[in-house]
Amino acid sequence: MNQANIEKTLQRIIEIDDESAALKKEIQALKLEKEQAMKKEAREMDLDLMKRARKLGKVERELIMSQAEEEIVRLREKNDAICQQMQRVMDHHVEELVNDVFEKLIGEHLKARAK
């Protein structure tokens, strides 16, 4: 091979090597750009999921609080009914006790008078 052909071949090898290096840099830049875009998309998805989770948590909390309030109302009504029933029983017993006391007092007074 002559000197000119060798120089042309070497020149072409250098050009190919430079193009290869430039292509590698471009590929790296594209990879980096893709990775950044994927990270950004992942962050956006995470934020969106967190927002949805907060909304669902808020709805669930409101539902639980509503159910708890309903249960509180139900228990208060039950408590009031029990208190009213106890008051009626107590009033009845007080009335019986008063009647018993009067009967004893009047009975003893009548017995004392009869003597």
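Our subject is the structure listed above.
Residues numbered from 1 in each chain as written. Predicted model: local features only at pLDDT ≥ 70, side-chain atom pairs only at ≥ 80, totals over all residues. Heavy atoms only, no water.

### Description of the overall build of the protein
Counting secondary structure elements, the protein contains 1 helix and 0 strands. The globule rule puts the C-alpha radius of gyration for 115 residues at 13 Å, and the 48 Å found for the protein is more than 25% above it. If you line up the protein on its principal axes, its C-alpha atoms span 165 × 20 × 10 Å. Looking at the protein residue by residue over its 115 residues, the buried ones come to 0%. (Helix = DSSP H or I, 4+ residues; strand = E, 2+ residues; numbered from the N terminus. Rg over C-alpha atoms; globule rule 2.2 N^0.38 Å. Buried < 20%, exposed > 50% of the residue type's maximum accessible area, 1.4 Å probe, protein only.)

### Observations regarding a nonpolar patch on the surface
Together, Met90, Val94, Val98, Val101, Phe102, Leu105 and Ile106 give the surface a local cluster of nonpolar side chains, amounting to about 630 Å² of exposed area. Take isoleucine 106: it is sitting in helix H1 (residues 3-114). (Patch = residues over 30% accessible without salt bridge, like charges linked within 9 Å, V, L, I, M, F, W, Y side chains within 5 Å. Areas by Shrake-Rupley, 256 points an atom, 1.4 Å probe, with all protein chains shown as cover. Salt bridge = Lys/Arg side-chain N within 4 Å of Asp/Glu carboxyl O.)

### Structural notes on the environment of lysine 40
By the secondary structure assignment, lysine 40 is in helix H1. Separated by 41 residues in sequence, lysine 40 and alanine 81 place their C-alpha atoms 61 Å apart.

### Focus on the pattern of salt bridges
Per the stated rule, a full pass over the model turns up 3 salt bridges. Taking the shortest distance from any N to any O, the salt bridge between aspartate 48 and arginine 52 comes out at 3.3 Å. One end of the pair is aspartate 48 and the other is arginine 52, both in helix H1 and 4 residues apart, which spans about a single turn. Ionic pairing is found between arginine 74 and glutamate 71, a salt bridge with its closest N-O pair at 2.5 Å. Of this pair, arginine 74 and glutamate 71 both sit in helix H1, separated by 3 residues, roughly a single helical turn.

### Details of a negative patch on the surface
There is a patch of like negative charges on the surface, built from Asp91, Glu95, Glu96, Asp100 and Glu103. Turning to its location among the elements, aspartate 100 is positioned in helix H1. (Lys, Arg positive; Asp, Glu negative; His and termini not counted. Charge placed at Lys NZ, Arg CZ, Asp CG, Glu CD.)

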